[in-house]
Amino acid sequence: MAGKRTIRTIPQARTPMREQDPQARAKNFKEVACGYSVEEALREADRCLLCPDPACVPGCPVNINIPEFIRRISARDYRGAYDVIGESNLLAAVCGRVCPQESQCEGVCVVREPLEPVAIGRLERFVGDKAIAERWASTPYIEPNGLRVGIIGSGPAGMACAADMAKAGCEVTVYEAFHQPGGVLRYGIPDFRLPNEVIDAEIANLEKLGVRFECDTLVGRLFTIPQMIDEMGFDAVFIGTGAGYPQLLGIPGDSLNGVLSANELLTRCNLMRAKDFPAYDTPVPLGRSVAVIGSGNTAMDALRVCLRLGAQNVHCIYRRTRTESPARAEEIHHAEEEGIRFHWLTNPVAVLDDGHGNARGLRCVRMELGEPDDSGRRRPIPIAASEFEFECDVVVFAIGTNANPIIGQTSKLRLDRRGYIQTDENLATSMAGVYAGGDIVTGAATVIEAMGAGRKAARGMKAYLGLRDPDAAVPAGSLFGIDLRERNFARVRLVPSSR
Amino acid sequence: MTAGDGGGAGGKFEIVAREDYSDLTYMLEVRHPMMARAARPGQFVIVMSHEHGERIPLTLADFDAQKGTITLVIQAVGKTTREMQRHCQVGTRLLSLVGPMGIPSAVSKAKRVVCVGGGLGVAPVFPQARAFKQAGAYVIGVLGFRDKKLVFWEDKFRKVCDDLILCTDDGSAGMKGMVTKGIEVAMKGYRDVDEVVAIGPPVMMRACAELTRPHRIKTMVSVNPIMVDGTGMCGGCRVKVGEQIRFACVDGPDFDGHLVDFEDLMGRLRRYAADENKAMQRWTESCRMGGPGEPGARDWKALAATPPESAIDELVLPDPFDDAQGG
């Protein structure tokens, strides 16, 4: 498009993304949204006003230079667009798929009502997919600095931190307890939302940067964090282990067979391939009628997985309304299209026993919304004498997670009251050289927020290690007579001779 | 990244020794120097033998920091454990071996301790017996097996126990009767027993706990519920302990036997019984056909490509919960 773009000259309607037909996709694990073609991407890129002072960039937890990458798409410089995203985010194909853009970049886009915002997420995915298809990788020349960084957890926080530390020249090792890397991207998010090939490609990119992945390693138990620093020669450590300790329902009957956490369902199905049982050995409880409790992204994933496993009726039980639901708007929309039944303002009070220790149904109570609570959302209150029962043979709870206790059990790191790791504003923990970020610090959040935390911790770690952040402003003036612009301070350290 | 071609040479964890104690019970010694150093009594590992396999928890039966190996004793009762019995030979590798997991057993300052192992539970109670002995306790071992043919590790226990009571259901070795009878004998012989550690099938552990409850003797048990990740993430291994729900993988696996709700534990262990039978049946059939079942010649891709069967035929199997648990 030549000339200046204005709100009147841009294509008015947001370019829709092709999707698998709801009827068909409810029966398979193939990806739901098919992605933009080149033409579609170019058309959508034309809708960006390329604001000189964009609102979307601060709206992004990792501050991707959004107008710049979109400008490159319009100029058909896709590789350039990928490099622009790559400056802030190594996982374009992942984030384009799983970020809640409507509450981040797209939520503050100046193209707004009555128009729909620029489909930034879809454009990011277009670029990320193109990079995978064309096997592009940002492999800058990296000068090794001889410093070693250990990262605990290979999920989004760990991956983002690993990328930044590797680019800074550190020798990075990522430890993962499962037999495959990727964390929640691998065990949690199902194939139809994030195909395994995308995760593999992103991990391969990290490996090209020199990052080493060590699976089957439970840090804390196989070796401790103090051991990593004192004995194993790591100069800094990042903890990105995730929250991962599912909150239980705490209602009668919650230990009946057929009642399981969304984490268990999703891990069995995604990581252990229970959807292909018995060709794969791990089973998953199959129900005719399934109730999923909760309405976050994990709940949406659980609902849609159950549908694909062959459940006839899949119900979503949530005590508030659709407005308060924390899931991505698109996921709720997709779930509805596929035939998930939503029961808003409904709360379970008991799981019913069939007499043989299996779940046969749920007793629920209707709710109404009262005054706003601490989270700013209106508090749901049960309506008296509104209890009712309905049949289901599998109950999945997706009502959040608590802090995983392993790191706390095996180190002296300072934790908060609820067991999450305490950090300062740079994400440094109470132990020198040890940083933490993601769900294990904040409690359950999104993939991109975890990645943002990983990057923030990386900045802190670079400062701690005496590595100058190439992005940071160069400090002017002098300190003890040394011109700060001239010097790149390297931390003085003893190199153990037994390396 | 982890590479694996189905448990053959592709895994990372080499099996360096194997011994078969009976038709069902076998011992694997696996090289993992770091784990051998880190392991403590009462901890467990999760094993995955090949890419299509499931993750199964196994309590560590022994570990040797000098040799750099850990020891697992396994009973072939389900699909995975039978498959491992066939394929896990010296020189082959496990795809995945992660651990040591769980909180190590608290080796208390008890002076007189009875360490009870039933069936496969004999193996995991060994490190605890040894640790109590090293801590200066007078250790009485009570080992229970169905019959003489199944007895293993008697010598190993004699080395760390001050007294050993061997029980078999049919009296073909040691005294006749279950381990509970052995505990009664021990309590009669030694009136000052401070602590009992019992590992075995849930029914056995419950019986032990009930036996010691009137005497108010501290009784620790090691539960082994169904697990997936072993890191606290899935909640599948939750058990009722007193008023609380605890996760065996990160809050256990050792709990106070007087507080564990064994009914709940046994009920939850039956969750996948039908699926387990199905997997087992499929596997036995594939073995009969030869081909994929032959050692070293498994064709998992072909197996994966075959359409899943819809009908589950009744297949009578030994109840896996009678024998499999406690290991």
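Refer to the structure above for everything that follows.
Conventions and cut-offs
Residues numbered from 1 in each chain as written. Chains lettered and ligands numbered in written order. Predicted model: local features only at pLDDT ≥ 70, side-chain atom pairs only at ≥ 80, totals over all residues. Heavy atoms only, no water. Helix = DSSP H or I, 4+ residues; strand = E, 2+ residues; numbered from the N terminus. Buried < 20%, exposed > 50% of the residue type's maximum accessible area, 1.4 Å probe, protein only. Polar contact = N/O pair within 3.5 Å; in protein donor to acceptor, adjacent residues only side chain to side chain. Contact = heavy atoms within 4.5 Å. Buried area = accessible area lost by both parts, 1.4 Å probe. Salt bridge = Lys/Arg side-chain N within 4 Å of Asp/Glu carboxyl O. Nonpolar A, V, L, I, M, F, W, Y, C, P; charged D, E, K, R; others polar. Pairing = 2+ DSSP bridges. Axes fitted to C-alpha atoms, helices over the stretch in contact; angles between N-to-C directions. Phe/Tyr/Trp six-rings, centres within 6.5 Å; stacked < 30°, edge-to-face > 60°. Lys NZ or Arg CZ within 6 Å of the ring centre and 35° of its normal.

Asker: Any details on the environment of D162(B)? Residues and values, ideally.
Answerer: All names here are of chain B. You can see D162 is positioned in the loop between α4 (154-160) and β11 (163-168). For D162, a relative accessible area of 32% corresponds to the partly exposed category. Counting along the chain gives 70 residues from D162 to G232, while the straight-line C-alpha distance between them is 37 Å. One polar contact links D162 to K133, side chain to side chain, over a distance of 2.6 Å.

Asker: Describe the interface of chain A and chain B, listing the residues and the values that go with them.
Answerer: With 46 residues of chain A at the interface, the matching set in chain B holds 57 residues. Interface area for chain A against chain B, summed over the two sides, is near 4,200 Å², with a carbon-plus-sulfur share of 58%. Contact with chain B buries area across many residues of chain A, yet D216(A), R221(A) and D281(A) alone supply 17% of it, more than any other trio. The interface formed by chain A and chain B holds 2 salt bridges in total. Between K12(B) and D216(A) there is a salt bridge whose closest N-O contact spans 3.6 Å. Every element with two or more residues in the side of chain A that touches chain B is listed here: α10 (196-208), β5 (259-261), α12 (262-271) and α15 (406-410) of chain A. With 4 residues, α12(A) is the largest single contributor of residues to the side of chain A that touches chain B. Looking at the side of chain A that touches chain B residue by residue, the classes come out as 28 nonpolar, 11 polar and 7 charged.

Asker: Hey, could you go over the sheet that holds strand β8 (residues 96-101) of chain B for me, with residue numbers and the actual values?
Answerer: All names here are of chain B. Spatially, β4-β3-β8 is the arrangement adopted by the 3 strands of the open sheet, whose pairing is antiparallel. A strand with exactly one partner marks an edge of an open sheet, and here the two such strands are β4 (56-59) and β8. Within the sheet, the average angular offset between the axes of one strand and its neighbour, ignoring direction, is 25°. For strand β3 (residues 44-48) and β4, the ladder comprises 4 bridges, and the chain directions are antiparallel. In the strand pairing of β4, V45 is matched with L58.

Asker: Tell me about the pairing of strand β13 (residues 394-397) of chain A, and please be specific about residues and values.
Answerer: Residues in a regular strand project their side chains so that they alternate between the two faces of the sheet. All names here are of chain A. The alternating pattern of β13 places V394 and V396 and V395 and F397 on opposite faces, both of which are buried. Of the pairings in the sheet, the one linking strand β6 (residues 289-293) to β13 comprises 4 bridges and is parallel in character. Each bridged residue has a counterpart across the sheet, and for A291 the counterpart in β13 is V395.

Asker: An account of the packing of aromatic side chains is needed here, citing residue identities and associated values.
Answerer: The tally for this structure, following the rule as stated, stands at 17 aromatic pairs over all chains. R366(A) extends its terminal NZ or CZ atom over the ring of F388(A), reaching a point 4.1 Å from the ring centre.

Asker: Hey, could you go over the pattern of salt bridges for me, with residue numbers and the actual values?
Answerer: All names here are of chain A. For the structure shown, the criterion picks out 48 salt bridges over all chains. For E44, the salt bridge identified is with R47, shortest N-O distance 2.8 Å. Since its relative accessible area comes to 0%, E44 is described here as buried. One salt bridge connects R193 with E331, and the closest N-O pair in it is separated by 3.3 Å. Of the two residues, R193 sits in the loop between α9 (184-187) and α10 while E331 sits in helix α14 (residues 329-338), which places them 138 residues apart along the sequence.

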